[in-house]
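Structural features, examined
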Amino acid sequence: SAITNDGDKALPAQEGYYQLAHDYLVSSLRDWLTSKQKETAKGRAQLLLVDQANSWKIRRDARQLPSRFQWLQIRLQTSRSSWTETQRAMMRTAGKQYAVRFVINIVLLIALGWGARQFYFYTRAQTLMEKLSTAKIDEVPNILDEMMHYQSWLNSSLTEKLNLAKSEGNKSQQTLYQLALLPSDSSHATELCEVMLQADPGEFEVIRDALVDTQERHFDKLW
């Protein structure tokens, strides 16, 4: 303290300093200081990395991690060698989380695609079986050709229908279902050959064409 001429103590000497009047000036100054970085994609990514890492350091939960787009932006626009330990840990945690989510989404898409495919094939197979049961003889070859693409979805239902037709003594239905089962079960060929010899011309032609693959076993009998 200094002594004045009249004996009173003078006020202590004051050091120079700046005082911010309002807190909102802090963010304004920060924007001004980082304005150059914000002009480039690399600079914006670096600022984003710093902000996200600071938030994540305070509270390490999933909500503080960068979004998928932000993570990708940081990963592509910044140099990994310049990251701090906190930034590395944050990016590693986010990367693992998004990798797991990506794998889960892929598995779900594959499962949905497989399920949709199975449903379509099953529905189409059932439609063809209904068409077969009411088809005219000249329509049967085309239906049988198409049914071959869905054989695995049809066999159990066709077998049930065949057994029902046999129990009811419905010979025409029995023949249709045996024709449909023939590509996967050639044991029906012998019985179909017997039916062919007693069939009318239209039905004869359909059964004959269906037996082409097993014709050798019928040569002796037909001769």
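Below, the structure is looked at part by part. Everything numeric here is computed off the predicted structure, so don't read it as measured data.

**Concerning a positive patch on the surface**
On the surface, Arg75, Arg80, Arg92 and Lys96 cluster together into a positively charged patch. You can see Lys96 is positioned in helix α4 (residues 85-134).

**Considerations on the packing of α4 against helix α5 (residues 140-147)**
At a minimum axis separation of 10 Å, α4 and α5 run at an interaxial angle of 160°. The pairing of α4 with α5 is recorded here as roughly antiparallel in orientation. Note that α4 runs across α5; the crossing there is left-handed. Taken together, the residues of α5 that come into contact with α4 (itself represented by Arg124, Leu128, Met129, Lys131 and Leu132) are Val140, Ile143, Leu144, Glu146 and Met147. Partitioning the contact of α4 with α5 into residue classes produces seven nonpolar, no polar and three charged.

**Topic: the packing of aromatic side chains**
To describe a pair of aromatic rings, one takes the distance between the centres and the angle between the planes. Within this structure, the stated rule accounts for three aromatic pairs. Here Tyr120 and Phe121 contribute two aromatic rings whose centre-to-centre distance is 5.8 Å and whose plane-to-plane angle is 50°, an arrangement assigned as tilted. Taken together, a centroid distance of 5.5 Å and an interplanar angle of 80° make the contact between Phe121 and Tyr150 edge-to-face. You can see Phe121 sitting in helix α4 and its partner Tyr150 sitting in the loop between α5 and α6 (151-168), a full 29 residues away along the chain. Neither Phe121 nor Tyr150 differs from the other in exposure class; each is buried. Members of the aromatic cluster, joined through ring pairs, are Tyr120, Phe121, Tyr150 and Trp153.

**Notes on a nonpolar patch on the surface**
Taken together, the side chains of Phe102, Val103, Ile106, Val107, Leu109, Ile110 and Leu112 present a nonpolar region at the surface, about 720 Å² in accessible area. Secondary-structure assignment places Ile110 in helix α4.

**Focus: α6**
Compared with the 26 Å implied by 1.5 Å per residue over 18 residues, the 25 Å span of α6 between its first and last C-alpha is a close match. Among all positions of α6, only Gln151, Trp153, Leu154, Ser157, Leu158, Leu162 and Ala165 are buried. Lining the buried residues of α6 we find α4, α5 and α7 (171-181). At the exit of α6 stands Gly169, carrying a positive phi of roughly 70°.

**Quick word on the environment of Leu182**
Structurally, the position occupied by Leu182 is in the loop between α7 and α8 (189-196). Considered as a pair, Leu182 and Thr214 are 32 residues apart in the sequence and their alpha carbons are 9.7 Å apart. If near-sequence neighbours (up to four positions away) are discounted, Leu182 is found in contact with His188, Ala189, Leu192, Ala210 and Leu211.

**Considering the pattern of salt bridges**
Counted under the stated rule, the structure contains five salt bridges. Asp209 serves as the salt-bridge partner of Arg208, at 3.0 Å between the closest nitrogen and oxygen. Using a relative accessible area of 43% as the deciding quantity, one classes Asp209 as partly exposed. What you see here is one network of salt bridges that share partners, running through Arg59, Asp61 and Arg63.

Conventions used here
Residues numbered from 1 in each chain as written. Predicted model: local features only at pLDDT ≥ 70, side-chain atom pairs only at ≥ 80, totals over all residues. Heavy atoms only, no water. Patch = residues over 30% accessible without salt bridge, like charges linked within 9 Å, V, L, I, M, F, W, Y side chains within 5 Å. Areas by Shrake-Rupley, 256 points an atom, 1.4 Å probe, with all protein chains shown as cover. Salt bridge = Lys/Arg side-chain N within 4 Å of Asp/Glu carboxyl O. Lys, Arg positive; Asp, Glu negative; His and termini not counted. Charge placed at Lys NZ, Arg CZ, Asp CG, Glu CD. Helix = DSSP H or I, 4+ residues; strand = E, 2+ residues; numbered from the N terminus. Axes fitted to C-alpha atoms, helices over the stretch in contact; angles between N-to-C directions. Parallel < 35°, antiparallel > 145°, perpendicular 65-115°, else oblique. Left-handed = near helix turned anticlockwise from the far one by under 90°. Contact = heavy atoms within 4.5 Å. Nonpolar A, V, L, I, M, F, W, Y, C, P; charged D, E, K, R; others polar. Phe/Tyr/Trp six-rings, centres within 6.5 Å; stacked < 30°, edge-to-face > 60°. Buried < 20%, exposed > 50% of the residue type's maximum accessible area, 1.4 Å probe, protein only. Expected span 1.5 Å × (residues − 1).

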